[in-house]
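# Architecture and fold: a report
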Amino acid sequence: MNELTIEYFALLREQRGQANECLATTAATPAALYAELQARHGFTLPGDRVRAAINGAFAAADAPLRSGDHVVFIPPVAGG
Amino acid sequence: MNELTIEYFALLREQRGQANECLATTAATPAALYAELQARHGFTLPGDRVRAAINGAFAAADAPLRSGDHVVFIPPVAGG
Amino acid sequence: MFRISPTPLELPALRAPLADARAGALVTFEGWVRDHNEGQAVQSLEYEAYVPLAEAEGERILAEARARFGLLGAVAAHRVGHLALGELAVWVGVTAAHRAAAFDACRYIIDEAKARLPIWKKEHYASGTTAWINCATRSGPG
Amino acid sequence: MFRISPTPLELPALRAPLADARAGALVTFEGWVRDHNEGQAVQSLEYEAYVPLAEAEGERILAEARARFGLLGAVAAHRVGHLALGELAVWVGVTAAHRAAAFDACRYIIDEAKARLPIWKKEHYASGTTAWINCATRSGPG
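To start, this report covers the structure provided alongside it. For every chain, the first residue of the written sequence is number 1, and numbering continues from 1 onward in sequence order. To label them, take the chains in the order written and letter them from A, then take the ligands in the order written and number them from 1. Restriction of local features to residues with pLDDT of at least 70 applies here, the model being predicted, together with a cutoff of 80 or more for giving and counting side-chain atom pairs; totals for whole chains, interfaces and linings are based on all residues. With hydrogens and water stripped out, all remaining heavy atoms of the structure feed into the side-chain values.

## Considerations on the interface of chain C and chain D
- Taken together, the contact pairs 33 residues of chain C with 33 residues of chain D.
- Across the chain C to chain D interface the summed buried area is about 2800 Å²; carbon plus sulfur atoms make up 55%.
- Area buried by chain C at its contact with chain D is led by W32, R99 and F103 of chain C, which between them contribute 25% of it.
- Salt bridges, as used here, are contacts in which a Lys or Arg side-chain nitrogen is within 4 Å of a carboxyl oxygen on Asp or Glu. One can count 6 salt bridges joining chain C with chain D.
- For R99 of chain C, the salt bridge goes to D111 of chain D, with nearest N and O atoms at 2.8 Å.
- Two N or O atoms form a polar contact when they lie within 3.5 Å of each other; inside protein one atom must be a possible hydrogen donor and the other a possible acceptor, and for residues adjacent in sequence the pair counts only when both atoms belong to side chains. Taken together, the links from chain C to chain D amount to 15 residue pairs in polar contact (both at pLDDT 80 or more).
- The way it works is that DSSP assigns letters per residue, a run of H or I at least four long becomes a helix, a run of E at least two long becomes a strand, and they are numbered from the N terminus. If you list the elements that add at least two residues to the side of chain C that touches chain D, you get α1 (11–15), β2 (25–32) and α3 (99–116) of chain C.
- With 9 residues, the top contributor of residues to the side of chain C that touches chain D is α3 of chain C.
- All residues other than Ala, Val, Leu, Ile, Met, Phe, Trp, Tyr, Cys, Pro, Asp, Glu, Lys and Arg, Gly among them, are scored as polar; the first ten of these are nonpolar and the last four charged. Taken together, the residues of the side of chain C that touches chain D break down into 16 nonpolar, 6 polar and 11 charged.
- Bridging between β2 of chain C and strand β2 (residues 25–32) of chain D involves 7 bridges; their strand directions are antiparallel. Bridge pairing in β2 of chain D links L26 of chain C to E30 of chain D. Pairs of residues are marked as contacts when any of their non-hydrogen atoms sit within 4.5 Å. A quick way to say it: buried area is the sum, across both parts, of accessible area lost when two parts are put together, with a 1.4 Å probe. A pair of strands counts as paired when DSSP detects no fewer than two bridges linking them.

## Comments concerning the relation of the copies chain C and chain D
- In this comparison the copies share one frame, found by least squares on the C-alpha atoms of residues holding pLDDT of at least 70 in both. With an RMSD of 0.0 Å, the operation that places chain C on chain D is a rotation of 180° combined with a shift of 0.0 Å along the axis. Expressed as a symmetry operation, the mapping of one chain copy onto the other fits a two-fold axis. Of the C-alpha atoms belonging to chain C, the one lying closest to the rotation axis is found on T28 of chain C, 2.6 Å away.
- Here 100% of the contact residues of chain C are again contact residues in chain D; the copies associate through an equivalent surface.

## As for the side chain of T28 of chain D
- Structurally, the position occupied by T28 of chain D is in strand β2.
- Looking at T28 of chain D, its side chain comes within polar contact range of the side chain of T28 of chain C, at 2.4 Å.
- Ignoring any residue separated from it by four or fewer positions in sequence, one finds T28 of chain D in contact with L26, V27 and T28 of chain C together with W91, V92, G93 and C106 of chain D.

## Section: the sheet that holds strand β5 (residues 70–74) of chain A
Residues and elements named next belong to chain A.
- Read from one edge of the open sheet, 5 strands run β2-β1-β5-β3-β4, paired in mixed fashion. Looking at the sheet topology across the chains shown, the edges are occupied by β2 (20–25) and β4 (57–59). Taking the axes of each pair of neighbouring strands and ignoring which way they run, one obtains an average angle of 35° across the sheet.
- As paired elements, strand β3 (residues 51–54) and β5 share 4 bridges and run antiparallel to each other. Residue pairing in the sheet places R51 in a bridge with I74 of β5.
- Simply put, an axis is a line fit to the C-alpha atoms, just over the touching stretch for a helix, and the angle between two N-to-C directions goes from 0 to 180 degrees. Against the sheet, helix α2 (residues 30–41) engages β1 (2–7), β2, β3 and β5, with an angle of about 110° to β2.

Here it is, written out as structure tokens:
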């Protein structure tokens, strides 16, 4: 089990109803973690439209997660 | 004979030693007028590098000059 | 420097570090809150940022532009919070010896910033509805 | 509007007429007096203009840019007189709904202004000499 802190922004923050949470999870990658959270909280954004950052840096969807990591899911940015 | 007023700028003004003059001339175009003035005042700029304006508007080198016209010779501009 | 600011952007403070006797050109871009987007009347905007990553990625973009275009200076700032119509949302200023590099670099910085920074925009419409831009999941690609 | 100004250009006054709730982008260009040109140390500059024709041709350039790029606003000013290092010599500001048009138009205006306006520049060098730029008759094309 990884003990993670998770921070949400924008649409994800609103759909979660809060900006931060702590979580103990077996998810070993950002992709697996997002799938778990999406199922639990009903996030409308598909996983392939959400990027991840681990400890303040962009990270691949299959990067390894370790206990103590701070994970941020990044919805599509404002663009244009 | 045309009675003209002539105004000089930048290098031409310095080489003429004054900014304005009145002139009675048989020159019937800006090109002919510049050739006459260049011979008299020793302007270093060749005629093909000097544009003309008549009465506040750009004019062709072979445009007709009429008495009362205000003629300006325009050295190469600052550019870049 | 690339700053994320919760308070209004002040032009004199933004441009001050760009003064440089070697510079012949300053090009600036300002993004303003406009009263419409894709046919809808907009009343105000909210910007939200993941600040540490936005500033770090913003600094990377400025460093890329300095190296690629031979700039003398580059400064940018992005506002977050609730903005009214006409307010300054983003500012980019670059200096160079000549103007071609300054134009190209300014455009590069704002294009990359819009694409790469973790900053989100929520539009408040005259109709009373709101939308996070590019986060729609039904109306096609963002 | 395109103004030739014998007094220092004031940024707040220049940008004031560009405020527009429909505008999403302002791009500005500033030309500054820089301390060197083509390898020579420059101490100051003089700009001289044939004012009525420069303003009329400047207005034509702004009108061309408005039509061609769909601008919301366009303002420019050029300083004349004796300028010190770092002083603002020329300012162009354009507004549009989106930034691509604003960048393209701002560049068009300054490129055309440099090529077409009857404005001349005399450089004063650290060596004590001066030169009217592009008026040399011995050292090749200007």
